Amino acid sequence: VMEGAEAVLDTGLQPGDQFYTIDGHRIYFQSDAMIYLQRAGEDVDVTVLRDGEKVDLGTISLPYRQLTDESGAQVEKRGIYVGQYFEDTIFTRLQNSWYQAIDYVRMVWMGLGDIVTGTMGLRDMSGVIGIVAMAGDVGEGGAAAAGLFGAVVNILDFTALIAINLAVMNLLPIPALDGGQIFLLIVDGIYRLFSKKHIDQKYLGYVNMVGFICLMALMVLVAINDVSKFIL
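Attention here is on the structure that accompanies the text. Every value quoted in this text rests on a predicted model; they were computed, and no experiment measured them. (Residues numbered from 1 in each chain as written. Predicted model: local features only at pLDDT ≥ 70, side-chain atom pairs only at ≥ 80, totals over all residues. Heavy atoms only, no water.)

### A short note on the pattern of salt bridges
Part 1 of the argument: A full pass over the atoms with the stated rule returns five salt bridges.
Part 2 of the argument: With a closest N to O distance of 3.4 Å, R106 and D32 form a salt bridge. With R106 in helix α2 (residues 90–117) and D32 in helix α1 (residues 30–39), the pair connects residues that are 74 residues apart, well separated along the chain. Both residues of the pair, R106 and D32, belong to the buried class.
Part 3 of the argument: Note that D114 and R39 form a salt bridge whose closest N and O atoms lie 3.1 Å from each other. Of this pair, D114 sits in helix α2 while R39 is found in helix α1, placing the two residues 75 residues apart along the sequence.
Part 4 of the argument: A relative accessible area of 10% means that D114 is categorised as buried.
Part 5 of the argument: Residue R39 is classed as partly exposed on the basis of its relative accessible area of 46%.
Part 6 of the argument: Linked through salt bridges whose partners overlap, the residues forming this network are D32, D103 and R106. (Salt bridge = Lys/Arg side-chain N within 4 Å of Asp/Glu carboxyl O. Helix = DSSP H or I, 4+ residues; strand = E, 2+ residues; numbered from the N terminus. Buried < 20%, exposed > 50% of the residue type's maximum accessible area, 1.4 Å probe, protein only.)

Pasting the structure below:
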């Protein structure tokens, strides 16, 4: 608990608690807790692990408070520190690799949801040009923190994020993508169930062609957006 925010303890949170879920979202890493607390309002549904047991705190109030940081500046904080400690074993490394993959999938779905709801727009999207630029920034950040090793680790981590992003996007039910093909197979199966015949492949080809053209148009639009970020 941060100094000046002792009222946080009235919510039932205790030092040493480990976030298990925040607003129903499973928490695996410190970054998860920070993301979902940031996206939550003042009232947050929280379940914690305490002495190895799940404790449902229900809906608690964690409003932002005006607190003083180490430099003496006034900042808005929830009033708690979120730490992260893992025993370094083969098991925890494998477990954390799996959790990180799940996290990346959730991040992709979260981003898609933000695009649909309008929270994010075209300006927030990036194509090949933007990805290459971000990879450079990621590498520089890792190099500044831990030299060449840090740069390599950061770039590999970023590559994993991109790979999982592409895998999730490819499974969306959009024509011309693998997910679209699966969707069309399901539609064809349902059609055959009732009509005893398959959908004419000619029409499926038209649907795939339209989907491909739309994807190409989106790629061009995003590429133009990437270039404009460097120019403007």
